[in-house]
Amino acid sequence: MDQSTRRLTVAQALVRFLSAQYTERDGVRHRLIAGTWGIFGHGNVAGIGQALLEAGEQAMPFHQGRNEQAMVHAAVGYARQSGRLSAQAVTTSIGPGATNLVTGAALATINRLPVLLLPGDYFATRSADPLLQQLEHPVEADLSVNDTLRPVSRYFDRITRPEALVPSALAAMRVLADPAETGAVTLALPQDVQAEAYDWPEEFFAERVWRVRRPAPDPVELAEAARAIRGAERPLIVAGGGVHHSEAETALRELVDATGIPVASTQAGKGSLRHDHPADLGGIGHTGTAVSDDLARTADLVIGVGTRYTDFTTASTTLFRNAGVRFVNLNITAFDAHKLAARPLVADARAGLEALAEALAGHRVDAAYEAEYRLGKERWEQVVADAFRADDENAVPTQTQVLGALDAVVGDADVVINAAGSLPGDLHKLWRARSPRQYHLEYGYSCMGYEIPAGIGVQQAAPGTPVWSLVGDGTYLMMPTEIVTAVQESLPVNLVLIQNHGYASIGGLSQSVGGERFGTAYRYRAADGTFSGAPLPVDLAANAASLGMDVIRAKTVRELRDALAAARASDRPTCVYVETDPAPSAPPAQAWWDVPVAEVASREAAVDARTTYDAQAAERRRHL
């Protein structure tokens, strides 16, 4: 064993260690930490900043960000496009730079996507307390603002001594590479420790491969699952994000082709089957299709594959109404596999689906059931066509016509990114996913501001891929900062900026729950104190142009289609700006979502909304 050492600072040692870490799955190797995003301040400039400079771009590529939260979003977009096999690190200073990481960390952990966070921290030696930006606590001297990252991190450590880095760095890599444990990982780095030298064992810097396992299902669990499926008359597969993370799309298609079991998809799982596959029913739940939700209400067996079963998927536990419905959950985490009192099948999605296909050899659902869901699919496809169609090419487009115009322009390899507002619902119901990576919706945290930086991350992970970041005006105003990064790095992210003068999605929700759209419009304050005056004269297209983007303004359906085609052909970051007809154009929700309504109120709208709420809430059930 090599007993030689190398004298480096803690920051230098960490960067060198990260540059030698790899994942491997199915015999294919990937760099685990492919680059580092950073904004420098006094808490990391002389430590991690100096170490990155000394290591050089080949050892650790550096990406300059404009907002710490946005840097995490970019890293998450990169990790998702990379199938969770490669990730990025994010370094910040202490204080607000560190706390700006919290939202991004929550997003990563909730969506089970790996990102390494390296925030600066206060002096471990306490030689200069209080520091600039230090939070002093009268009875917890070891507390820092970085502790806000503990509940949103899958692993957290504060490196207060150089030698503590060795076990902590190894533990961090284990979590990042573990498909059942992954999420945000935080190593808080006191700024004095970052710059402290230590004699590191050479073994610490040796190339290390973290194998991403594909655990096979337990034989007893597999037999029980197969028995349940064979005994079901109306089985339905709910495909979640785990299908994509495991690259299990082919295994899913082969199982479906053999058995005829239909597939409905969560936001994270959409695209598990290509949209034109006869068994693909589209989205499920509150934002799902009519055919998916109708089948879900009558299904006697629901087979969840890689899904967390959020309230949008279960329609707040009102969707699966068959009195005898039971669940089989194939998931790599036992935590998710046991949800809804299911028969668990704890395994990698691809390994589990392949095993199920073998165990179900010769089994197929009744032909009448296949005919029923195929007819429902045909009917919904006509709904999609009607929503996308524009009878007047010179009219102001509706939001669904914007999606129709984009649908006509994209190719199979294009990636469409969205996270918040009314677009996720429209996309889940209507988008025709052509490939596994095309539909990139962040709906675990539904974080406004995700789309633009995530587009950058996707382009870094898949250079040359046409990327479309779809944002409304509310989301754009949250975080347009990384437009500058896209321009700086010459990444041709396409931004589709939809102006509808307010929080349109939450405005509609507000109206439905008795809130009367209070505080949701972007308008001048009127004489009565409400925001009901004229729309604000905000020119978001000019703003995007001022940040360096090429901007194409489209006023009609025809101009929009031409603008989207021009953007796709461009090799520069391009914004297509369009003001839409505010009239609702998407099909209504096909299932409920539980947003509690005021139990007592003096305003008629809220009283009426509560009556509707009580009727819907009565349909909730516990699956035991």
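Quantities reported herein were computed from a predicted structural model and do not represent experimental measurements.

Visitor: Where do I start with the overall build of the chain in this structure?
Guide: Counting its secondary structure elements, the chain contains 24 helices and 23 strands. The C-alpha atoms of the chain give a radius of gyration of 25 Å, which matches the 25 Å a tight globule of 624 residues would have. Expressed as lengths along the three principal axes of its C-alpha atoms, the size of the chain is roughly 70 × 70 × 55 Å. Classification of the 624 residues of the chain by burial places 56% in the buried group. As displayed, the chain offers around 24600 Å² of accessible surface, 52% of which is attributable to carbon and sulfur atoms. Separation between the mean location of the 56 positive side-chain charges and that of the 73 negative ones in the chain comes to 3 Å.

Visitor: I keep staring at a nonpolar patch on the surface and nothing clicks. Help me out?
Guide: Residues Leu477, Tyr524, Leu536 and Val538 make up a contiguous nonpolar surface patch of roughly 340 Å² in combined accessible area. Turning to its location among the elements, valine 538 is positioned in the loop between helix H21 (504-512) and helix H22 (540-546).

Visitor: For this particular structure, what's the right way to read the sheet that holds strand S23 (residues 574-579)?
Guide: Each strand in a sheet pairs with its neighbour through backbone hydrogen bonds, running either in the same direction (parallel) or in the opposite one (antiparallel). In spatial order, the strands read S19-S18-S20-S21-S23-S22; together these six strands make up an open sheet with parallel pairing. Only two strands of the sheet have a single partner each, and these edge strands are strand S19 (439-441) and strand S22 (550-554). With strand direction ignored, the average angle separating the axes of adjacent strands in the sheet is 20 degrees. One ladder, built from six bridges, connects strand S21 (residues 494-499) with S23; its direction is parallel. Looking across to S23, one finds that asparagine 494 is bridged to threonine 574.

Visitor: Which parts of the structure should I look at to understand the pattern of salt bridges?
Guide: When their charged atoms lie close together, side chains carrying opposite charge are able to pair. Taken as a whole, this structure holds 36 salt bridges when the rule is applied. A salt bridge links arginine 568 to aspartate 414; the nearest nitrogen and oxygen atoms lie 2.8 Å apart. Here aspartate 414 lies in the loop between helix H16 (399-409) and strand S18 (415-418) and arginine 568 lies in helix H23 (residues 557-569), a separation of 154 residues in the sequence. For aspartate 414, a relative accessible area of 0% translates into the label buried. Ionic contacts of the salt-bridge type, sharing partners, join the residues Asp26, Arg214, Asp348, Arg350 and Glu354 into one network.

Visitor: When you look at the packing of aromatic side chains in this model, what are you seeing that I'm missing?
Guide: For any pair of aromatic rings, geometry is given as the distance between the ring centres together with the angle between the planes. Tallied over the full model, the rule gives 12 aromatic pairs. Ring centres 4.8 Å apart and planes at 75 degrees place the aromatic pair tyrosine 198 and tryptophan 200 in the edge-to-face group. Note on tyrosine 369 and tyrosine 373: the rings are 5.7 Å apart at their centroids and 85 degrees apart in plane angle, and the pair reads as edge-to-face. Of the two residues, tyrosine 369 and tyrosine 373 both sit in helix H15 (residues 367-388), four residues apart, roughly one turn of that helix.

Rules behind the numbers
Residues numbered from 1 in each chain as written. Predicted model: local features only at pLDDT ≥ 70, side-chain atom pairs only at ≥ 80, totals over all residues. Heavy atoms only, no water. Helix = DSSP H or I, 4+ residues; strand = E, 2+ residues; numbered from the N terminus. Rg over C-alpha atoms; globule rule 2.2 N^0.38 Å. Buried < 20%, exposed > 50% of the residue type's maximum accessible area, 1.4 Å probe, protein only. Areas by Shrake-Rupley, 256 points an atom, 1.4 Å probe, with all protein chains shown as cover. Lys, Arg positive; Asp, Glu negative; His and termini not counted. Charge placed at Lys NZ, Arg CZ, Asp CG, Glu CD. Patch = residues over 30% accessible without salt bridge, like charges linked within 9 Å, V, L, I, M, F, W, Y side chains within 5 Å. Salt bridge = Lys/Arg side-chain N within 4 Å of Asp/Glu carboxyl O. Pairing = 2+ DSSP bridges. Axes fitted to C-alpha atoms, helices over the stretch in contact; angles between N-to-C directions. Phe/Tyr/Trp six-rings, centres within 6.5 Å; stacked < 30°, edge-to-face > 60°.

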